[in-house]
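Architecture at a glance
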Amino acid sequence: MTDTETPPTDPAGEHAEEHVGDRPGQERSPLLDRRGAVAAEAEDAAVAAHYGDPVREQRRLEAGQAVVDLSHRSVVTVSGPDRLSWLTTLSSQQVSSLAPGESTELLLLDLSGRIEHDAAVVDDGATTWLITENTHGGVLAAWLESMKFMLQVEIVDRTGDCAVLGSVAAPPEELPGEVVRWQDPWPRLGPGAASYAAVEEAEHPGAGWSWHLTVVALEQLAAGVEALETGAAWSLAGVHAAEALRVAAWRPRLAREVDEKAIPHELDLIRTAVHLAKGCYRGQETVARVHNLGHPPRRLVFLQLDGSEHTLPAVGSDVLAPRGATDPETLAGERSVGRVTSTARHHEMGPIALALVKRRVDPEAQLVVRDPNRSSAAEQGDEASDRVETAEGAEAGEDPAPSFYAAAQEMIVKPDAGQVVGRPTGDFVRPPRR
């Protein structure tokens, strides 16, 4: 792997509703029938982006007074006496001694150390629960099934009968149909972990981040939400509220920050999802050599976006680091140094984003985001999917002019992260010969 840029893997579509049901696990949530509900886009199209008041929903969620419908997330279980030791041998994480109710995170990598799966993990004493993106559940279950050999483990894809609820505060009491709860370890350093961040743990923007996933029986989803609304005076918040808080906490997400080239170091996932001292697993050689001898070829950055456009760039938009003129004509031909992976509108910070950029991009450089399609549906509001903007004077049928957003970068992963043992020069991970 080199510092060359990767193309966008899943830009937001123009009409989010058209995506509902077109992926495994994307059955439309019954909570989309709530008054004011607006469907989200892309991987989240089966649930609500918001319920009519995005800013209020975000503030209540941050205050621990709201719950987010994540019923489209996939749930896979592993049971049997060998489950924890077996998952340890397969994954980046040490889970052999995971106590009942304890939460962690694990990665499954390919032979080159690239991320294939990222799962929230909690064990109830008899069964290990893996919570992941809706696009990964079936593939994850099938791969685990192919790897069990003679071990005493049983893998079940529970996506069809389980739903997930997300919240900043843990639900105050057990919900109807509740199965298990998981608490995000981010950004606290786990055993055998290392930080690739440019700030100390106490100063990390995610230091105040708290995120809980509660798995309930799918048929009890509405009842669980109603119990929180009546018993705890909570309200429903859409996934846009959750995404804004996640981006502000620098928290990577499998469906957004991970592409076909991503390795854990680039996203600072060594801090919560990798145990550097555990035994052999697929992809471990790359993890160890980049950590000890090299640098990750890309790095995750946080972007404060110019809000004068009143829109957000699409996921997958180019990140530019112009050194000369910044007029639209020049920027249109500027070479990309990265891509936007997540966008959100934070109730205090305004438009924000996460992006993956080449490691050698100057951390002090003023960046620009180039969205090639001004009819982007990445806008966090009601009218995004219906807005079609074209360049002034453009004739019908012509491609719309790109839009540009000034972006102040804030380092998440340090350019010199890794190389804890040291070597003369160069990056370790390189693409295969063609």
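Everything discussed here concerns the structure shown above.
Per chain, the residues get numbers from 1 upward, laid out in the order the sequence is written. Two thresholds apply to this predicted model, a pLDDT of at least 70 for residue-level local features and 80 or more for giving and counting side-chain atom pairs, whereas whole-chain, interface and lining totals are computed over all residues. To obtain the side-chain values, all non-hydrogen atoms of the structure were included, while hydrogens and water were left out.

Digging into the sheet that holds strand β10 (residues 178–183)
Within a sheet, each strand pairs with its neighbour through backbone hydrogen bonds, oriented either parallel or antiparallel. This is how the line gets drawn: We treat two strands as partners when DSSP finds at least two bridges between them. Think of it this way: any DSSP run of H or I at least four residues long counts as a helix, any run of E at least two long counts as a strand, and we number them from the N terminus. As a rule, the C-alpha atoms of each element are fitted with a line to give its axis, helices using only the stretch in contact, and angles between N-to-C directions run from 0 to 180 degrees.
Judged by pairing direction, the sheet is mixed, and its five strands sit side by side in the order β10-β11-β9-β3-β12 without closing on themselves. Either end of the sheet is taken by a strand with one partner, and the two such strands are β10 and β12 (235–237). In this sheet, adjacent strand axes meet at a mean angle of 30° when their direction is disregarded. The pairing of β10 with strand β11 (residues 212–217) spans five bridges and is antiparallel. Pairing of V180 across the sheet is with V215, part of β11.

Concerning the packing of aromatic side chains
Basically, it comes down to this: Stacked, edge-to-face and tilted are the three classes for Phe, Tyr and Trp ring pairs, Trp counted by its six-membered ring, which pair at centre distances within 6.5 Å; planes under 30 degrees apart are stacked, over 60 edge-to-face, the rest tilted. The classification of residues rests on relative accessible area computed with a 1.4 Å probe and restricted to protein chains. Under 20% of the type maximum is buried, over 50% is exposed, and intermediate values are partly exposed. Ring-over charges, as used throughout, are those where CZ of Arg or NZ of Lys falls within 6 Å of the ring centre and within 35 degrees of the ring normal.
In total, this model carries one aromatic pair according to the counting rule given. Between W209 and W211 the ring centres are 5.6 Å apart and the planes differ by 20°, which places this aromatic pair in the stacked class. The exposure classification of W209 matches that of W211, with both residues buried. Seen from the ring of W186, R271 lies directly overhead, with NZ or CZ sitting 5.8 Å from the centre.

Quick notes on the pairing of strand β16 (residues 350–358)
In terms of burial, β16 is a largely internal element, nine of the nine residues being buried. Note: strand β13 (residues 298–305) against β16, seven bridges, orientation antiparallel. The residue of β16 that forms the bridge with F302 is L354. Strand direction decides the pairing type here: strand β15 (residues 338–346) and β16, joined by eight bridges, are antiparallel. Residue pairing across strands places S342 opposite L354, the latter belonging to β16. Connecting the antiparallel pair β15 and β16 is a turn made up of three residues.

What to know about the pattern of salt bridges
As a reminder, the rule being used: Salt-bridge detection follows one rule: a side-chain nitrogen of Lys or Arg within 4 Å of a carboxyl oxygen of Asp or Glu.
All chains considered together, the criterion is met by 22 salt bridges. One salt bridge connects R253 with E133, and the closest N-O pair in it is separated by 2.8 Å. Here the residue R253 occupies a position in the loop between α5 (239–248) and α6 (254–257), and E133 occupies one in the loop between β7 (127–132) and α3 (137–146), the gap between them amounting to 120 residues. The residues R253 and E133 share a single accessibility class, namely buried. With a shortest N-O distance of 2.9 Å, D161 and R158 are connected by a salt bridge.

Things to note about a nonpolar patch on the surface
This is how it is decided: Each patch is built from salt-bridge-free residues with over 30% relative accessible area, joining like charges within 9 Å and nonpolar side chains (Val, Leu, Ile, Met, Phe, Trp, Tyr) within 5 Å. Here the Shrake-Rupley method, with its probe set to 1.4 Å, supplies the accessible areas, and only the displayed protein chains count as covering residues.
Together, L293, V420 and V421 make up a nonpolar patch on the protein surface, roughly 260 Å² of accessible area in all. Among the secondary structure elements, V421 is positioned in the segment after β18 (403–411). Looking at V421, the relative accessible area reads 62%, which means it is exposed.

Section: the sheet that holds β13
Rules: A contact between two residues is defined here by any heavy atoms of the two lying within 4.5 Å.
Around the barrel, six strands lie side by side as β13-β16-β15-β14-β17-β18; this closed barrel has antiparallel pairing. Pairwise comparison of adjacent strand axes, ignoring direction, gives a mean angle of 40° for this sheet. Along the sheet, α5 contacts β13, β15 and β16; its crossing angle with β15, the most-contacted strand, is approximately 120°.

Considerations on the side chain of Q409
Short version of the rule: Identification of polar contacts relies on pairs of N or O atoms within 3.5 Å, with a donor-acceptor requirement for protein atoms, meaning one able to donate a hydrogen and the other able to accept it, and with residues adjacent in sequence counted only if both atoms are side-chain atoms.
Relative to the helices and strands, Q409 is located in strand β18. Owing to a relative accessible area of 13%, Q409 belongs among the buried residues under this scheme. Among the polar contacts listed, one links the side chain of Q409 to the side chain of R299, at a separation of 3.4 Å. Looking at Q409, its side chain comes within polar contact range of the main-chain oxygen of P363, at 3.2 Å. Setting aside its immediate chain neighbours within four residues, Q409 contacts R299, V301, F302, L303, V361, D362, P363, E364, A365 and L367.

Overview of the environment of E102
Following the sequence through the fold, E102 ends up in the loop between α2 (83–90) and β5 (103–109). E102 sits 81 residues away from Q183 along the chain, and the two C-alpha atoms are 8.2 Å apart. Not counting residues within four places of it along the chain, the set of residues in contact with E102 comprises S97, V121, V122 and D123.

Topic: the packing of helix α1 (residues 54–62) against α5
Condition: Any angle that is under 35 degrees is reported as roughly parallel, and any over 145 degrees as roughly antiparallel; angles of 65 to 115 degrees are reported as roughly perpendicular and all others as oblique. If you view the pair so one helix is near and one far, a crossing is left-handed when the near helix is turned anticlockwise from the far one by less than a right angle, and right-handed when it is turned clockwise.
α5 packs onto α1 with a crossing angle of 60° between their chain directions and a minimal axis gap of 8 Å. In terms of axis orientation, α1 runs oblique to α5. Taken as a pair, α1 and α5 cross one another with a handedness that is right-handed. Here α1 contributes E57, Q58, L61 and E62 to the contact with α5, which in turn contributes A241, A242, A244 and L245.

A short note on α1
Residues separated by three or four positions in an α-helix point in the same direction, a consequence of the helix having 3.6 residues per turn. Put simply, the test is: Picture the helix axis, draw a direction to every C-beta atom, and the arc is the one those directions span.
Those residues of α1 lying buried are E57, Q58, R60 and L61. Here the buried residues of α1 occupy an arc of 165° about the axis, which is enough to place them on one side. Contacts made by the buried residues of α1 are with β2 (48–50), β3 (66–69), β9 (162–167), β12, α5 and β15. One or two steps after α1, the chain reaches G64, where phi turns positive at roughly 75°.

Overview of helix α7 (residues 284–293)
When α7 is considered as a whole, its buried residues turn out to be T286, V287, V290 and H291. In a view along the axis of α7, the buried residues occupy a sector of 120°, so they form one face of it. If you follow the buried residues of α7, they end up packed against β5.

As for unusual backbone geometry
For the bond running from W186 to P187, omega is -5°, close enough to zero to count as cis. Summarising the element assignment, P187 is placed in the loop between β10 and β11. Its identity as a non-glycine residue notwithstanding, A233 has a phi of 60°, on the positive side. At Q419, a position not held by glycine, the phi torsion is positive, near 50°. Examined against the element boundaries, Q419 turns out to sit in the segment after β18. Accessibility expressed as a relative area gives 23% for Q419, which makes it partly exposed.

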